[in-house]
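# Examining the three-dimensional arrangement
Residue strings, one per chain:
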Amino acid sequence: MTEFPFKPRVVGWELTLRCNMRCLHCGSIAGEPRPDELSVEEGFALIDQLVELGAEVVTLSGGEPLVHPAWDQYARRLVDAGVRTYMITNGLLLEQNIDRLVASGLRRLGISIDGTEKIHNMIRNHPDSFRRAMAGARKAQEAGIQVGAVTHISGANIGEMEQMYRLLEEAGFKFWQIQLAFAEGRMKENDQYALRPEQIPEIVDFVHACQQRDGLKVVAGDNLGYFEVPAVRDKPWKGCFAGRHVMGIDADGTVKGCLSLRREAFSEGNIREEPLRQIWEDPQRFRFNRYFSPDMLTGHCTNCPHAIPCRAGCVVTAHGATGNRFDNPYCAFRIQSGKGSCGWAEDHAAS
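Calculation rules
Residues numbered from 1 in each chain as written. Predicted model: local features only at pLDDT ≥ 70, side-chain atom pairs only at ≥ 80, totals over all residues. Heavy atoms only, no water. Helix = DSSP H or I, 4+ residues; strand = E, 2+ residues; numbered from the N terminus. Buried < 20%, exposed > 50% of the residue type's maximum accessible area, 1.4 Å probe, protein only. Contact = heavy atoms within 4.5 Å. pLDDT = per-residue confidence, 0-100. Core = buried A, V, L, I, M, F, W, Y, C linked by side-chain atoms within 4.5 Å. Salt bridge = Lys/Arg side-chain N within 4 Å of Asp/Glu carboxyl O. Pairing = 2+ DSSP bridges. Axes fitted to C-alpha atoms, helices over the stretch in contact; angles between N-to-C directions.

Take the overall build of the protein next. Tallying secondary structure elements over the protein gives 15 helices and ten strands in all. Projected onto the principal axes, the alpha-carbon positions of the protein cover approximately 50 × 50 × 35 Å. Out of the 351 residues belonging to the protein, those deemed buried represent 56%. Looking at the protein alone, contacts between residues at least 24 apart form 69% of all its contacts between residues at least 6 apart.

What follows is the structure, encoded as structure tokens:
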């Protein structure tokens, strides 16, 4: 291999698994920190390796990143190295951290908003989470930071999408990323709120309608859409980028193709045991997504006319729903084609 074809352009970094909330849909079951999380010095060394590998975008995540003692030092180091650096926060500690946020160099922030006040607080298991997140958003905007919202749509909040649009627009949010709550972690424990595949067209239609309006920019997360009509993406879908141009790093240095992937099934190594470049550029790793042929597809994805570019969409969503990376019942095109929920239910009734 004279030139390695995969570059970790976009990186999600879980600074800590510690969290001050216990959200119903949390895929990583955040709460307590991992037993052996990276020291601050190891975090700095990781940043240097990411820069050397050519990472272009790094999102600081968790758990809740604002509970990590060095989040602002990490952000400053990344920003100074020319890396576009963002953060996803639940907003509970945001208002009191505005000065540190400004000093860190971060200028774009995603806040998890999962409904109007009552539903948001229920999903997040915290009676004051909505008020504090919105207060933090206002303070961040006043400090010159661009603020957007990130929402996991589930059965608990699907009926509030229009109300949320109006709420976020009035509050001055610049973007709204809508993604599906996937069947991992606490979502499996709260499956009464799980989305049914036949609900996906409603979400797609809503996102598309919002994209025709002026004002709040609404974007589809990587597990929503694909080859649906009407389209909710501004670029053609070319398959999941996990392990190809996306990398996730857990708080203890475990490397995965995407931060949302289950480490039990998708761990590729640990930076404490070998250099990050050695893990990333090993042609035998990340095989779940770097190597593909149509005969890997199963279920209704097998005969899809978009099989080769799509490759069953989001790995996390497909694997969480079916236990198979190559069978995705939450594909909007599949459901619109009449090959969605019924066939999936029959195929997986035994599981």
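The predicted coordinates of low-pLDDT regions are not to be read in fine detail. When pLDDT is averaged along the protein, the result is 93, and 95% of the positions lie at 70 or above. Every residue in residues 341-351 is under pLDDT 50, and counting partners more than four places away or in other chains gives twelve contacts.

Here we take up the nonpolar core. Counting residues in hydrophobic clusters, the biggest one holds 88 residues, and the most contacted among them are I113, W176, I200 and I203. When sequence neighbours within four positions are dropped, the list of residues in contact with I200 reads L180, L195, L224, Y330, A332 and I335. Within the second largest apolar cluster, seven residues are counted, among which are L17, M21, C23 and C26.

Bringing the pattern of salt bridges into the picture now. Taken as a whole, this structure holds 24 salt bridges when the rule is applied. One salt bridge in this structure joins R263 and D250, with 2.8 Å as the shortest N-O distance. With a gap of 13 residues between them, R263 in helix α9 (residues 263-266) and D250 in the loop between β8 (246-249) and β9 (254-256) connect regions that are remote in the sequence. On the basis of relative accessibility, which here comes to 25%, the residue R263 falls in the partly exposed class. Under the relative-accessibility criterion, D250 is labelled buried at 0%. Note that E274 is salt-bridged to R285, the shortest N-O span being 2.8 Å. You can see E274 sitting in the loop between β10 (269-270) and α10 (276-280) and its partner R285 sitting in the loop between α10 and α11 (287-290), a full eleven residues away along the chain. Judged by relative accessible area, which is 15%, E274 ranks as buried. Judged by relative accessible area, R285 falls into the buried class, the value being 14%.

Another aspect to go through is the sheet that holds strand β6 (residues 175-180). Strand order across the open sheet formed by ten strands is β7-β6-β5-β4-β3-β2-β1-β8-β9-β10, with mixed pairing between neighbours. Two strands in the sheet have a free side with no partner beyond their single neighbour: β7 (217-220) and β10. Pairing between strand β1 (residues 10-16) and β8: four bridges, direction parallel. Paired with W13 across the two strands is I249, which belongs to β8. Set on the sheet, helix α1 (residues 40-53) makes contact with β1, β2 (57-62) and β8; between it and β1 the angle comes to about 180°.

Here helix α4 (residues 117-124) has its buried residues at I119, H120, N121, I123 and R124. For α4, the elements touching its buried residues are β4 (108-112) and α5 (129-142). Two residues or fewer past α4, N125 is found with a positive phi of approximately 55°.

A negative phi holds for most residues other than glycine; trans holds for most peptide bonds. In this chain, G62 is followed by G63 through a cis amide linkage whose omega measures 25°. Along the chain, the position of G63 falls in the loop between β2 and α2 (71-80). One non-glycine residue, I29, lies in the positive phi region at around 50°. Look at I29 and you get partly exposed, because its relative accessible area is 42%. At Y226, a residue that is not glycine, the phi angle is positive and equals roughly 95°.

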